[in-house]
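The lines below spell out each chain.
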Amino acid sequence: MPSQILRSPRQYVAAMLLAILSFLTRGGTPVKYVPNFAEDRWSVVRDFVVGAVAEAATSIAQPADRLIVVAAPFVDWVVNVNGYPTKTAVVFHPVIVRRYITRTDVTWSDTTRRTYRSALMRMSEILVGEVPLEFAPTTPQNTAAPYDDLDLHLLESWATGQSTAARRRSAGVTLALCTGAGLKANELLQVRRRDITIDTDGILVTVASTGRAVPLLARFEALLLDSITDVAAEDWVFGSAKRIKHGISTLTTFLYDTDRGNEPDPVTTRMRNTWLITHLIARTDMRALMTAAGVTKFEHLDQLVAHVPALDAASYRRQLRAEVTR
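Residues numbered from 1 in each chain as written. Predicted model: local features only at pLDDT ≥ 70, side-chain atom pairs only at ≥ 80, totals over all residues. Heavy atoms only, no water.

**Brief notes about the packing of aromatic side chains**
By the definition in use, this model includes nine aromatic pairs. Summarising the aromatic geometry, the rings of Y33 and W42 are spaced 5.2 Å apart at their centres and angled 65° between planes, so their arrangement reads as edge-to-face. What makes Y33 buried here is its relative accessible area of 13%. For W42, a relative accessible area of 1% puts it in the buried group. Between the aromatic rings of W77 and Y100, the centroid separation amounts to 5.3 Å while the plane-to-plane angle is 55°, which identifies the pairing as tilted. A residue pair is termed long-range when its members are at least 10 positions apart, and W77 in helix α3 (residues 64-81) and Y100 in helix α5 (residues 94-101) qualify at 23 residues. In this structure W77 comes out as buried when scored by relative accessible area, which is 14%. Of the residues examined, Y100 reaches a relative accessible area of 3% and is grouped as buried. Aromatic ring contacts, followed pair by pair, group F48, F74, W77, F92, Y100, W108 and Y116 into a single cluster. (Phe/Tyr/Trp six-rings, centres within 6.5 Å; stacked < 30°, edge-to-face > 60°. Buried < 20%, exposed > 50% of the residue type's maximum accessible area, 1.4 Å probe, protein only. Helix = DSSP H or I, 4+ residues; strand = E, 2+ residues; numbered from the N terminus.)

Here it is in structure tokens:
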């Protein structure tokens, strides 16, 4: 007689997967999972990994034998390398997943990081559920300096790696609209889905308070589209669709409370500065840039220009000698 009655199809499937995976990972058949780390370390986490994969695989559209390839090295890193206990709520906590995905001691490609992030965050949602995330930064950062390319990759991972769909949406639109369209914090809070239009020339974001339309940088188009997929035309894109409060504190509190690992702090002023400097480096027409930025003069332009790479001597002479075509 079994010691426990399986009350649902999901429990039955999980039990079957657990039995099959336990058999395969112990070498019961020629088709088995072979860890890419030491066998003695695998023996420590094997049962835990098998159990977690069997439970999660019932809700994830991915075969268990593929899921274990991602989960096993992750659990090994958490337990054997970092010394955390084999407790589901600890190992698969979103913060731990974020730290793993943003590791700098590995040479994973962007595609690999996205694959790992997707699988592990889905496992976290299933095994742990929604959890309060308190992971504040411990060191001050320059809030004016632009983000470099590595920072942006980490922030993209931060945005898409939050623990709930609502958090992922708000983080995604914050990064996309502030870094991809230069919106200020108060402008971001006023954007509805209807203010974002898509056509063959890309994405255009209309700032309701000024009426100006800003083309989104191509890099952030996919992130924004993914973030607003399920947002109705009249709903706000940031925060609760029906929220009443629009104060900056709403955004500040959200950014402070988001799950952060090794990423730089998500700061909207740095995001806007990054957008401005991106256009300065690209030599965007100054009048067009001022129109898109919603300014009549650039304050602190000297601080922005300081982050634009200087021309070499030949390029300097060639550009300043060139005749302007009117």
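**A look at the environment of T197**
Within the secondary structure, T197 is located in strand β1 (residues 196-199). Linking T197 and P215, residues 18 residues apart in sequence, is a C-alpha distance of 9.7 Å.

**Looking at the packing of helix α8 (residues 165-180) against helix α12 (residues 268-281)**
Contact geometry for α8 and α12: axes closest at 7 Å, N-to-C directions at 45°. It follows from the interaxial angle that α8 and α12 lie oblique. Between α8, through T174, L175, C178, T179 and G180, and α12, the contact on the second element is made entirely by T268, M271, R272, T274 and W275. Across the contact of α8 with α12, the residue classes tally to four nonpolar, five polar and one charged. (Axes fitted to C-alpha atoms, helices over the stretch in contact; angles between N-to-C directions. Parallel < 35°, antiparallel > 145°, perpendicular 65-115°, else oblique. Contact = heavy atoms within 4.5 Å. Nonpolar A, V, L, I, M, F, W, Y, C, P; charged D, E, K, R; others polar.)

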